[in-house]
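# Per-entry structural report
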Amino acid sequence: MATASVEDIKLEDIPVDDIDFSDLEEQFNIDSQINFDNFVVVDGAPIAPESKVPVLTKVLTKLFSQAGNIVDINLPLDEEKKSTKGYLFIEFDSAVAAKKAIKLLNGKKLDVKHRLFVNSLNDVEKYGTEEFDTEFHEPKLPEFNPTEYLRSWLQDENGRDQFVLQKGDMTGVFWNRNAQQPENVVEPRKNWSNTTVKFSPKGTYLFSFHNQGVASWGGKNFDRLQRFFHPQTKALSVSPTEKYLVTLSPQPIEVPEDAPEDFPFGPESNGHQLCVWDIATGVSVKTFALPPGQKLHWPMIKWSFDDKYCARLGPNALAVYDTENNFELLGGKVLKIDGIVDFSFAPTGVKLAVNRNNELSSVLAYWTPESNNQSCKATIMEIPTRRILRTVNLVQVSDVTLHWQNQSEYLCVKVDRHTKSKKTLFTNLEICKLTEKEVPVEKVEMKDHGLRFAWEPKGNRFITVSVTETADDNPSIPKNVVTFYAPEQKDKKAVKKEELTKWIPFAKVEGQFSNTISWSPAGRFVVVATLVTPDTRKADFDFYDLDFTGEKSLNNVKTVAANLMDVAHPDYFSATDMQWDPSGRYVAVWSSATKHKLENGYKVFNIAGDTVREEMIDGFQNFVWRPRPETLLTNGEKKKVRKNLREWSAQFEEQDAMQADSAMRELILARRSMLEEWTQYRENNTAVLEEEYGFETYDTIVLGTSEEDFQVVEEIKEEILEEKEEEVDSFEETEEAS
Amino acid sequence: MRPIMLKGHERSLTQVKYNREGDLIFSCAKDSVASVWYSMNGERLGTFEGHQGTIWSIDVDQFTEYAVTGSADFSIKLWKVQDGSNVFTWKTKTPVRRVEFSPSGDKILAVLDGVMGYPGSVTVYDLKRDAQTNEIVDIAEEPAYNIMTREGFEIASVAAWSFEDKFIVVGHKDGKVSKYDGSTGEFVDSLELHEQNVSDVQFSPDKTYFITSSRDSNAKLVDVVSFEVLKAYEADCPLNSACITPLKQFVVLGGGQDAKDVTTTSSREGKFEARFYHKIFQDEIGRVKGHFGPLNYVAVSPQGTSYASGGEDGFVRLHHFDKSYFDFKYDVEKSAEAQKHMQQLEIAN
C-alpha cells in the first residue's frame, strides 16, 4: 500500500488525545500565576534614538540596581521613529526589590527635564483596565455609634468614689464603701491590662496597656470604647481636657507597604515613636520622632490648660504646636532657646493683670542653665503671643525645678544653688505671683538643700522637705527637715492677696526621713510621708492639719494664717505608694508587689489618720482612685453648703449607719417610716382639729415674751460672814499719851 | 443630771405638778399638807394646810392664781396660790382621787371614789372668773354634772381634760378608758386599753393626745379625737404614771413594784426608776434611778427643761436636764430635720 499522502489524513482519524503536546505546552504556556510583583513600569524616561539605547540601558540599570538585582530590562522601541518610547519595564528578582525601587525612585529626577515615575506593573493592571471605576464616590462614613453616658459614676446617689485594685493579673473597679468590703463596679477582669491601668485626668476614661497598643474603657460597665494601635506602648499621658492621648513605644512605627485601610498611620509616620491620638475617635492625629540624643522625660508632650497648644522639648528649642490648626508649629517654626532644660505649662488659665474681661491666658515657664556669657534664667511666657512676662536671672545654679500652684496663681522656681566651692548645696525659692501686675517675684532663701516642694492646692501655703548636708552621711540618721511656709500676715485683717508679701517659715519638724509631701486635693490637710524606696526601708506617715481649731499649735510664728497641728501618725511600714481620693476625704496607701514583696496590700485612712479599711493581699500591685472633674458648683453654692454643713452631715451620718450593717439599715428604714407616720399624724390632726374645733395644735407652750408678763424682782441678800469685837483705845487716851 | 431633793413631805407623794410657766412645782402627799416649790432651786415657797387626810391629787390653773386639791377627807379645797389661803371647800360623798382644772380654768373635775354604796363618779364644778384679772368671782357649790360610772365599767381612777375643755378622758380600774363631752358629760367613746387599773392619764402640751399608764406594765399613747392608739410602750414593772415631754419626742414612765410586793418578788431591785422612751420609735433610751420606793407620779415642766418625780419614799426628785438630753437625737431625726431645713432654704431662695 502506497504511503498515504498528507491529504489523505483526515483530522478525525488522528487520535488527538494520544499526541504528546507537553513540549509545546511548556514552550507556550502562559503562566496565569505569573507574578507581576517583580515588575515595575518606569515612565518619564528620556526618549532616545536607537543608537543611544545601550547607553540609556546602562544608566537605568545602574540606577535601578540600587533596589535589587535586575533580571531583565526592556525598553520598547518605536519602529517608525527609531527611538525609545519613554517608558520601560524592569523585572527584579524579587517583589521586595520592586517595592524598594518604587519607594526609592518614584519621582526621581533623572535630569532637569526628566522625572521618573515608577509604578508596579500590578497597579497598571489594576488601574489601567476599563473596569476600574474612575468616578468619584462619596466615602461611606461609618455609622455613628453613641457611647453611653461616660460620667455616670458621678451620679452615684451617695457621692461615692471609685477605685481600681490590681492584684496579679486581675484588675477590678470598685465603689469605696468605707470600712466595708468594696462593692464591684464591674466583675474583676483577668488580664485587663498588661501592666498598670491609668485614668484620664477627669476620670472619664480608663486606659489599659496591651501588646498591640492601648485601649480606652468607660461608661457604667467599663466597656471598651476605642483601641489605639501602637505596639509595645510603654507610656501614655492624657491632655488636661481629655481630648488627646499621647503614647510612646520603644518600637518605631513601621508602615507596611500594603497597609490595610484602617491602619492608623500614614507613610510619613514611619520610624516615629511618639503618637498623639484623638481619644473620642481613636484617630491618630500626629506622630513625632524622638529628638535625638536626649534624656527622655515623661510626659514628652505637655499641654496648655485648654488643650489648644501642646509643646515638646527639642535640642536648644521648644516646639509649640497649635492643636486646632492641625498640629502645625505655632508661627511656623520652633522657638530657639539655647540650652533649654525643662518647661511646663500652667495647669489652669492665668488671669494676668493685663488681661481684660477676665480672659485666661495660656502660660508656660522654662529655664536655661548658665552658659558662657549668660546667667541661668527662668522665663515665663504667654502662648500663643510668645510674649515674655517675666525673666528671673539666677547665678551659681546647679538645678532648677518649676512648681505651679494648682490654680496657677503662683509659680515657684526652686533653685538649687551651690557655694563657690561647689561643696554644699542650698536652695532659693523664687515665687512669681502670676496674677499681679508685672508678675512680681518674691524670694525665699533657705539655708539648706530643698529636696521636695509642694504647694497647698487652692491655697498660698507650701511645704518643703530639705536636708542640711553634713559630713556624717550615715543613712540611718534622719536628717530631713519638714518646713511649713505661709505668707506673713502682720495685720490679722489683711487678707487681700496684694497685702501678702512675704512667705515665712512658720513651723519646722526636724529629724525626719520624709520623702513625700502629699496634700489633700481640698487643701488644709497634708500627709508628709516616708515611702519605701530603694534608699528607705520603713515607711511612715505624718498627718498635719494647717488650720487646726484647737488651742495647741506647732507654730513658731503667730503672724500667719495657719495653725499647724500634727493630727496622727498611722503605721504602715511597708507602704510604697500613696494617693488621696479626689474629694480629699481619704488617703490610700499601699505596698505594691512590683516594688517589694513585704506586706503587700492597701490601707485607707481618713483625714484624721484613722484606718478606715485595710486589706493585706498577696501579690497586690496597684491602687488607683478614679479622678473627678472640677466641681460645677459656684463659690456661692459652695459657701451655702459649708454653712449648712451640720444639716448635710446629719444625713450622711445616717447613711453611714445604714451602710454599716443590714440590721441597722432595717431599723433605720423602720424608724424613718415611723417618723414619717408621726409627722403625718400630727399634720392630719392639726388639720382636723383646725377644721372641726378651730383649735390650733402646738408642741410646746410658748410663753408670752412681752414685758407685762414678767416682773423683775431684785433681792439683795446680806450675809454676815464674821463678827468681831475689838477694844480700841479711846482717842482721848492716845492724845494724852502723846 | 444632779437631782434636787424636795424634802418636805412626811409620807408618800401622790401627785406632783408644774404650773404653766414651769417655775413652780405643786406636790401633795399622804400627809395632808400640800406644798409649793420653786423649780429653779427646790426651795419651798409655802404650803396649803387644811386637809384632814391624804391628799390624793393637786392641780393649778393656767394663770397660777388658784390651786385645787382633792383629799381622802371627803373634800375638795380651792386655794389661792399667792398666800396659800383656802378659798373654798366642796364637801363630797366619797374620797376624792383626782382633781383637775380644765384648760380654760372655768371648770374643775373631781374623780370620786366608789365606796360606801356610792357608785363612783367624775364630777364637774363650774367656776366663774373675772375676765380681766382671772379672779374667781363665783363658785358653783353644786356640780354642773356628774358622770356616773356606767354599766359594764368599773369605777374611774383617773381623769383629765382635753384641749379647750372639749372632752374628759377617764381611766377605769378595769383598764378601760372612756371619753365624755366636756360641756355636758355625755358619753362619747371607750376603749379597752389595758388589762389592769389605769393609773394615770396625762395629755400632750396641746392636749390633743394623751398617754395612759397601767398596772399591767404598759403605757399607751392615744389620740383624743379619733380615740385611736398611736403608740404603745412596754415596761417591765407596774406603772403608776406617765407623761409626754415637750421639746423632745420622749415619754417618761414611772412605777415600780408595790412596796408590799418587794419582798416577795424575785427581782433584786424594785425597778424604782424613771424610764425615758422615745415617743415615736417606742425604744427605751434611758433610766434615771434614785428613789428607793416606787414612783407614784412623774411630771415634766411645760417648757421641757426639767422633770420631777414623786416617790413612795416621800421625796420629790427634781431633775434639770443636761445638754446631752437636749442634744440626743436619732440619726433618722437629725437627717429628717436636716432635709426639712434644706427644703426651707430652697423655698426661701
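In this report, we go over the structure that sits alongside the text. Note that the structure is a prediction, hence the values are computed from the model and not measured. (Residues numbered from 1 in each chain as written. Chains lettered and ligands numbered in written order. Predicted model: local features only at pLDDT ≥ 70, side-chain atom pairs only at ≥ 80, totals over all residues. Heavy atoms only, no water.)

Looking only at helices and strands, chain A has 8 helices and 44 strands in total. For chain A, the proportion of its 738 residues judged to be buried stands at 42%. Of the roughly 44600 Å² of accessible surface on chain A, a fraction of 50% belongs to carbon and sulfur atoms. (Helix = DSSP H or I, 4+ residues; strand = E, 2+ residues; numbered from the N terminus. Buried < 20%, exposed > 50% of the residue type's maximum accessible area, 1.4 Å probe, protein only. Areas by Shrake-Rupley, 256 points an atom, 1.4 Å probe, with all protein chains shown as cover.)

Another aspect to go through is the packing of helix α6 (residues 645–660) of chain A against helix α2 (residues 331–348) of chain B. Close contact between α6 of chain A and α2 of chain B brings their axes to 8 Å; oriented N to C, the two are set at 140 degrees. With respect to their mutual orientation, α6 of chain A and α2 of chain B come out oblique. Judged by the twist between their axes, the crossing of α6 of chain A over α2 of chain B is left-handed. Across the interface between the two elements, Glu647, Trp648, Ala650, Gln651, Glu653, Glu654 and Ala657 of chain A from α6 of chain A touch Asp331, Val332, Lys334, Ser335, Ala338, Gln339, His341 and Met342 of chain B from α2 of chain B. Grouping the amino acids of the contact of α6 of chain A with α2 of chain B by side-chain chemistry returns 6 nonpolar, 4 polar and 5 charged. (Axes fitted to C-alpha atoms, helices over the stretch in contact; angles between N-to-C directions. Parallel < 35°, antiparallel > 145°, perpendicular 65-115°, else oblique. Left-handed = near helix turned anticlockwise from the far one by under 90°. Contact = heavy atoms within 4.5 Å. Nonpolar A, V, L, I, M, F, W, Y, C, P; charged D, E, K, R; others polar.)

Negative charge collects at one region of the surface, where Asp20, Asp23, Glu25 and Glu26 of chain A lie side by side. By the element assignment, glutamate 26 of chain A lies in helix α1 (residues 22–28). (Patch = residues over 30% accessible without salt bridge, like charges linked within 9 Å, V, L, I, M, F, W, Y side chains within 5 Å. Salt bridge = Lys/Arg side-chain N within 4 Å of Asp/Glu carboxyl O. Lys, Arg positive; Asp, Glu negative; His and termini not counted. Charge placed at Lys NZ, Arg CZ, Asp CG, Glu CD.)

To continue, consider the packing of helix α7 (residues 662–693) of chain A against α2 of chain B. Their axes nearest at 9 Å, the elements α7 of chain A and α2 of chain B cross at an angle of 55 degrees. Classified by the interaxial angle, the pair formed by α7 of chain A and α2 of chain B is oblique. Between α7 of chain A and α2 of chain B lies a crossing of right-handed hand. Touching Ile668, Arg671, Arg672 and Leu675 of chain A of α7 of chain A are Val332, Glu333 and Ala336 of chain B, all from α2 of chain B. The residue inventory of the contact of α7 of chain A with α2 of chain B, partitioned by class, reads 4 nonpolar, no polar and 3 charged.

The next subject is the sheet that holds strand β36 (residues 516–519) of chain A. Residues and elements named next belong to chain A. An order of β36-β37-β38-β39 is seen for the 4 strands of this open sheet, with the pairing classed as antiparallel. Bordering the open sheet on either side are β36 and β39 (565–568), each of which pairs with just one other strand. This sheet shows a mean twist of 30 degrees between the axes of neighbouring strands, independent of strand direction. Here β36 pairs with strand β37 (residues 525–530) via 4 bridges, running antiparallel. Within the sheet, the bridge partner assigned to threonine 516 lies in β37 and is alanine 529. (Pairing = 2+ DSSP bridges.)

Facing 28 residues of chain A, the contacting portion of chain B comprises 38 residues. Roughly 3100 Å² is buried in total at the junction of chain A and chain B, and carbon and sulfur atoms are behind 66% of that figure. By the criterion of area lost to chain B, the three top residues of chain A are Arg671, Trp678 and Tyr693 of chain A, representing 21% of everything that side buries. Linking chain A with chain B are 3 salt bridges. Close ionic contact of arginine 671 of chain A with aspartate 283 of chain B constitutes a salt bridge, the shortest N to O distance being 3.0 Å. Linking chain A to chain B there are 9 residue pairs in polar contact (both at pLDDT 80 or more). (Buried area = accessible area lost by both parts, 1.4 Å probe. Polar contact = N/O pair within 3.5 Å; in protein donor to acceptor, adjacent residues only side chain to side chain.)

All right, on to unusual backbone geometry then. Residue and element names in this part refer to chain A. Residue proline 299 follows tryptophan 298 across a cis peptide bond; omega there is 0 degrees. Position of proline 299 relative to the elements: it lies in the loop between β18 (283–288) and β19 (301–303). Residues isoleucine 383 and proline 384 are joined by a peptide bond in cis, for which omega reads 5 degrees. The topology assignment puts proline 384 in the loop between β26 (376–383) and β27 (387–394). With phi around 50 degrees, phenylalanine 222 is a residue other than glycine that occupies positive phi space.

This part covers the sheet that holds strand β41 (residues 586–591) of chain A. Two pairing modes exist for strands in a sheet, parallel and antiparallel, and in both the strands are linked by backbone hydrogen bonds. Residues and elements named next belong to chain A. In spatial order, the strands read β40-β41-β42-β43; together these 4 strands make up an open sheet with antiparallel pairing. In this open sheet, the two strands that pair with only one neighbour each are β40 (577–580) and β43 (611–616). Put simply, the sheet's adjacent strands are angled 10 degrees from each other on average, direction ignored. Inspection of the sheet shows β40 paired to β41 by 4 bridges, in the antiparallel sense. Looking across to β41, one finds that aspartate 577 is bridged to tryptophan 590.

On to the side chain of threonine 14 of chain B. All names here are of chain B. For threonine 14, the position within the fold is in strand β2 (residues 13–18). By relative accessible area, threonine 14 is classed as buried at 10%. Within polar-contact distance, the side chain of threonine 14 engages the backbone oxygen of isoleucine 55 at 2.6 Å. In contact with threonine 14, other than residues within four places in its own chain, are Cys28, Ala29, Lys30, Thr54, Ile55, Trp56, Asn296 and Tyr297.

Bringing the pattern of salt bridges into the picture now. Residues and elements named next belong to chain A. Enumeration over the complete set of coordinates arrives at 36 salt bridges over all chains. The shortest N-O distance in the salt bridge between glutamate 183 and arginine 160 comes to 3.2 Å. Taken together, the residues glutamate 183 in strand β9 (residues 183–184) and arginine 160 in the loop between α4 (121–128) and β7 (162–167) connect sequence positions 23 residues apart. When its relative accessible area of 32% is taken as the criterion, glutamate 183 is described as partly exposed. The class of arginine 160 is buried, set by a relative accessible area of 14%.

Under the criterion given, the structure shown has 62 aromatic pairs over all chains. Both rings, one in tyrosine 410 of chain A and one in tryptophan 503 of chain A, keep their centres 5.3 Å apart while their planes meet at 90 degrees; by these two values the pair is edge-to-face. Of this pair, tyrosine 410 of chain A sits in strand β29 (residues 410–418) while tryptophan 503 of chain A is found in strand β35 (residues 503–512), placing the two residues 93 residues apart along the sequence. Like tryptophan 503 of chain A, tyrosine 410 of chain A is buried. On the numbers, 5.4 Å between centres and 75 degrees between planes, the contact of tyrosine 693 of chain A with phenylalanine 163 of chain B is edge-to-face. Pair noted here: tyrosine 693 of chain A is in helix α7 and phenylalanine 163 of chain B is in the loop between β15 (156–161) and β16 (167–172), and the two residues belong to different chains. Over the aromatic face of phenylalanine 573 of chain A sits the side chain of lysine 538 of chain A, whose NZ or CZ is 4.7 Å from the ring centroid. Lying over the aromatic face of tryptophan 56 of chain B, arginine 97 of chain B brings its terminal NZ or CZ to 4.0 Å of the ring centre. (Phe/Tyr/Trp six-rings, centres within 6.5 Å; stacked < 30°, edge-to-face > 60°. Lys NZ or Arg CZ within 6 Å of the ring centre and 35° of its normal.)

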